[in-house]
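Survey of secondary and tertiary structure
Each chain, written out:
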Amino acid sequence: MAQEVKTRFAPSPTGYLHIGGARTALFSWLYARHTRGKFVLRIEDTDIRRSTKEASQQILDAMKWLGLAWDEGPFYQSERMEIYLSYINKLLDEGKAYWCECTPDILEGKRKKAIKEGRKPKYDGTCRDKGLGPGPGRVVRFATPKTGITFFDDIIKGRIATDNDELDDLIILRSDGIPTYNLTVVVDDATMGITHIIRGDDHVNNTPRQILIYDALGVTPPVFAHVPMILGSDKTRLSKRHGATSVMAYKDMGYLPEAMVNYLVRLSWSHGDQEIFSINELIDLFDLKDVGKSAAVFNPEKLLWLNHHYIKQGDIVRLSKLAIPFIKAQGYDATNMAYIQKVVTDIRERAKTLIDMIDFGDFYFKEIDINGIPKDIKDKFLHPDMIPAFKSLIDEFDAIDTSDRKQVEDAFRRVLKSCNIKLKAIAQPVRLALTGKLVSPGIFEIISTLGKNKVVSRLKNAITYMEENS
RNA sequence: GGUCCCAUCGUCUAGUGGUUUAGGACAUCGGCCUCUCACGCCGAAAACAGGGGUUCGACUCCCCUUGGGACUACCA
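To start, this report covers the structure provided alongside it. Remember, it's a predicted structure, so these values are computed and weren't measured experimentally. (Residues numbered from 1 in each chain as written. Chains lettered and ligands numbered in written order. Predicted model: local features only at pLDDT ≥ 70, side-chain atom pairs only at ≥ 80, totals over all residues. Heavy atoms only, no water.)

**Section: the overall build of chain A**
For clarity, the cut-off: For helices the rule is a DSSP run of H or I covering at least 4 residues; for strands it is a run of E covering at least 2, with both sets numbered from the N terminus onward. Exposure categories follow from relative accessible area, calculated using a 1.4 Å probe and restricted to protein chains: below 20% of the type maximum is buried, above 50% is exposed, and the middle band is partly exposed. Any two residues whose heavy atoms approach within 4.5 Å are treated as being in contact.
Helices and strands together make up the secondary structure of chain A, namely 19 helices and twelve strands. When the backbone C-alpha atoms are referred to their principal axes, chain A occupies close to 105 × 50 × 35 Å. Relative to its 470 residues, chain A shows a buried fraction of 51%. For chain A, the share of sequence-separated contacts (at least 6 apart) that also reach a separation of at least 24 residues comes to 75%.

**Quick notes on the protein's contact with RNA strand B**
Note the following rule: Near is defined per residue: the residue qualifies when any heavy atom it owns lies within 4 Å of the molecule or strand. We call two N or O atoms a polar contact when they sit within 3.5 Å, provided that within protein one can donate a hydrogen and the other can accept it, with sequence-adjacent residues counted only if both atoms are side-chain atoms. Note that Gly is not counted as nonpolar here; it falls among the polar residues with everything else outside the nonpolar set of Ala, Val, Leu, Ile, Met, Phe, Trp, Tyr, Cys and Pro and the charged set of Asp, Glu, Lys and Arg.
As a structural note, the neighbourhood of RNA strand B is formed by 61 residues, with T46, R174, S268, R350 and S440 the closest of them. Protein-proximal atoms of RNA strand B, defined as those within 4 Å of the protein, fall in sugar or phosphate at a share of 71%. Taking K235, its side chain carries an N or O atom lying 3.3 Å from a phosphate oxygen of RNA strand B. One of the side-chain N or O atoms of K424 is found 3.3 Å from a phosphate oxygen in RNA strand B. Mapped onto the surface near RNA strand B, the elements with two or more residues apiece are α4 (104-116), β12 (296-297), α10 (300-313), α17 (423-435) and α18 (443-450). Split by residue class, the surface near RNA strand B holds 19 nonpolar, 18 polar and 24 charged.

**Section: the pattern of salt bridges**
Counted only if it meets this: Throughout this description, the term salt bridge denotes a Lys or Arg side-chain nitrogen within 4 Å of a carboxyl oxygen of Asp or Glu.
Scanning all chains against the criterion turns up 38 salt bridges. The partner of D188 in a salt bridge is R42, and the shortest N-O contact between them spans 3.5 Å. Taken together, the positions of D188 in helix α5 (residues 181-191) and R42 in strand β2 (residues 38-43) put the pair 146 residues apart, joining distant regions of the chain. This pair shows no difference in class: D188 is buried, exactly as R42 is. One salt bridge connects E367 with R458, and the closest N-O pair in it is separated by 3.6 Å. One end of the pair, E367, is in the loop between α13 (354-360) and α14 (375-381); the other, R458, is in helix α19 (residues 452-468), and 91 residues separate them in sequence. Relative accessible area serves as the criterion here: at 49%, E367 is assigned to the partly exposed category.

**Describing unusual backbone geometry**
For the peptide bond that leads from G73 to P74, omega is 0°, which places it in the cis range. In this structure, P74 sits in strand β3 (residues 72-76). We note that S268 has phi near 75°; this positive angle belongs to a residue other than glycine. By relative accessible area, S268 is classed as buried at 13%. A positive phi is found at N420, a non-glycine position, where the angle reads about 50°. Assignment of secondary structure puts N420 in the loop between α16 (405-418) and α17. Here N420 falls in the exposed class, since its relative accessible area comes to 71%.

**Brief notes about the pairing of strand β1 (residues 6-9)**
Looking down a regular strand, the side chains alternate between one sheet face and the other. The criterion, for reference: DSSP bridges decide pairing: two strands pair if at least two such bridges lie between them. Crossovers are described as right-handed under a simple rule: with the strands pointing away from the observer, the path leading from the first strand over the helix to the second runs clockwise.
In β1, alternate side chains face the same way, and those of K6 and R8 on one face and T7 and F9 on the other are all buried. In terms of strand pairing, β1 meets β2 through four bridges, oriented parallel. Note on β2: the bridge partner recorded for F9 is L41. For the crossover from β1 across helix α1 (residues 19-34) to β2, the handedness is right-handed.

**Description of helix α11 (residues 316-329)**
Under the convention used in this document: Helix span is expected to be 1.5 Å times the residue number reduced by one. Fitting axes to the seven residues that end at a residue and to the seven that start at it, the angle between those axes gives the bend at that residue.
A rise of 1.5 Å per residue sets the reference length of α11, with its 14 residues, at 20 Å; its end C-alpha atoms lie 20 Å apart and thus fit the reference within 8%. The largest bend along α11 reaches roughly 35° and is located at A323, with the proline P325 sitting one to four residues downstream. Within α11, burial applies to I316, L319, S320, A323, I324, F326 and I327. With a side-chain oxygen positioned 3.3 Å from the backbone nitrogen of V317, the residue opening α11 is D315. Phi for G331, located one or two positions after α11, is positive at around 85°.

**Concerning the layout of surface pockets**
What counts here: Here a cavity denotes a set of grid points, spaced 1 Å apart and computed over the protein atoms alone, in which a 1.4 Å probe fits but from which it cannot get out, and a pocket denotes an open set meeting protein on both sides within 12 Å along at least five of seven lines; residues with an atom within 4 Å of a point are reported as lining. Grid points are joined across faces, edges and corners, and a volume is the space filled by probe spheres set on the points.
Estimated volume of the largest pocket: approximately 1100 Å³. Among the elements of the structure, β1, α1, α5 and β9 (196-200) are those that each provide at least two residues to the lining of the largest pocket. It is α1 that provides the largest number of residues to the lining of the largest pocket, a total of five residues. When grouped by side-chain class, the residues that make up the lining of the largest pocket number 15 nonpolar, 14 polar and ten charged.

**A word on the nonpolar core**
Worth spelling out the cut-off: Here the nonpolar core consists of buried residues drawn from Ala, Val, Leu, Ile, Met, Phe, Trp, Tyr and Cys, with membership extended through side-chain atoms lying within 4.5 Å.
Of all hydrophobic cores here, the largest spans 112 residues; its most connected members are M63, F390, F397, F412 and I426. Top contributing element to this core by residue count: α1, with nine residues. The residues contacting I426, other than those within four sequence positions of it, are M386, A389, F390, L393, F412, L416 and I421. Ranked by size, the runner-up nonpolar core spans 32 residues in total, among them L91, F152, I213 and F224.

**Looking at the packing of aromatic side chains**
Our working definition: To pair, rings of Phe, Tyr and Trp, with the six-membered ring standing in for Trp, must have centres within 6.5 Å; the planes then decide the type, stacked if under 30 degrees apart, edge-to-face if over 60, and tilted in the middle.
For the coordinates displayed, the defined rule picks out twelve aromatic pairs. Taken together, a centroid distance of 6.4 Å and an interplanar angle of 45° make the contact between F397 and F412 tilted. Remark: F412 occurs in helix α16 and F397 occurs in helix α15 (residues 387-399); sequence separation between them is 15 residues. Using a relative accessible area of 1% as the deciding quantity, one classes F397 as buried. With a centroid separation of 5.3 Å and an interplanar angle of 75°, the aromatic rings of F412 and F444 are classed as edge-to-face. One end of the pair, F412, is in helix α16; the other, F444, is in helix α18, with 32 residues separating them in the sequence. For the pair F412 and F444, one class covers both residues: buried. Linked through ring pairs, F27, W269, F277 and F286 together constitute an aromatic cluster.

Laid out in C-alpha cells, this is it:
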C-alpha cells in the first residue's frame, strides 16, 4: 500500500490570511481530502518581530470560515526551538554547517559592491573554513555544496534544475539564536512526515537549498507542487492596492464561504468547462495534475457572480442566519426569523452579497419617510390620480389574507378592473409608497412579506401625502 | 544585473499534432420576458505575443525574441 498522503499549510502569522494563501491552503486541503490523507496546519512564527498572536488567530478563523479543517496542529514553530537546535547541532557536528562572524553591515557592503561590479551578491564564504565556534553576534550558515546540480520533479512545473554554484551559504541560525525559515521548514516537513509540499511558486527558488538541507540531514525530500501566483489586475503581485485581499474582509462584505472556495479553486485549476463545484465534487475531482502552470489574475467580478449564484440557490434558512449580523449592523430588528426568511426569499435574486441584501431590502426593516423622497419622483408617481386606487387597495387588503400572494394578486386585479387602470400605471406608485424607491422586488411579493399592517399604513401615508399635495 | 518560472478572448480557462469556422464562464453590448430592477432565455463582439524550425499537417513539439512574474534578507 502506498504511503498515506500528508499535506500542510504553513502560513506566517505576520498578517491576515490573504487570497493567495487561502488558495494554497485550499489546494493542500483538497489534495489531502481527495487522497484520503491528512492535512496539517503549522504556524511559521520564527520571525518574532513580525509575528503576532492576533494574526495567528485571524488565520485560524479564516481557515474555519472557509471550511478547511486540519487534521493535525496547529503547530507553532516557536514551540519547537529545541528540535531545530538539535538538528543545527547535528549539522555543525558533521561539518555541514559552520559559525560565521560576518556582521550585517559588512555583508551589506559586500552585497552592494558585488551588484555594482556586476557580480552575484551571494555570501563569499569568508568564515566557511575558519573553524569558528559559537559567540556573540555569530550566526550558523549551511555549507552549501559548491559544485553539482540540484533538481526536483515538481508535480506542476516539471523538472527544475539548479546549479549549486548559484546557491550561497544561507544562514540557518540567526545571531539571536532563532533558526530561519529554510531550516525550520525542512526540519518540520521532515519530522511531521509531510509527503507533498503544496505552496506558492514564489518558493521555487528556495526549493534547491531546502533539498540540499534534506540531503545533509539524510532525509528523502517530499514531493513538491508549486502553484502559480495570484496577480492583481495589473498583473503584479496581488496587494491591498488591488482591493480587499483579506479572506475575512470578504466575509465582512457579505460573501459566502462556498463562493470564495469555488472562486479560488478555479484559479489555475479547472475541470473541463465546469464552473460551479460543491465541496464534495471538489474533493472528488481535484488533482494536482490538473493545476495549470501560469499565474492567474484575481477577478472580483467573477467572485461576485459566484456569490450571487450561491445566494440565489442557497438554503433559505442558512442564508437567513448568515444575514442576521448584517441586519443588526444596520440597527434593524433581527428577531423574527420567519420574517427574515421571507425577506431573503424576496430579494436574493437581486442581491449579490449579504450587504446588498440588507441595503436593497432596507424597507423591510425600516419605515418609509416620504419626505425623504425627491420631489420630482413624488410628483411623478404619487399623483392625486392614484388616491382612489390606493383607497380600494386598502379596502381589498383589509378583507384578505395578505400573506397569501395569490390573494394579494387577485385583490390587485380587482382594483385594476374597478378603477379601470393598468398594472403598469399603478405599480411604481405602490412600489414607491411601500419601499420609498423605484427599484425593488415584485410588489405582490413585497405586500405578502411586509404584512397587512405595514402595507396599509404605508399606503395611507402615501394617500395623506397625495391629498395634501393635490 | 543574475537565477528560475510563465505566455489561448479584457479576465478565469478548455484544448495535449489533424474531430476547431479555437469551446465554456465572468465582464461588456444587443434582444426577449416584464409592475421597476433583477433573475432567466436568446444573440453579438472578443484570443492562440512575434519569428524561426520539426512535421504531410501545428494552439498543441523544439529554439530564439519579446512580454510578464518570482527569487536574489540574520522575512516566510
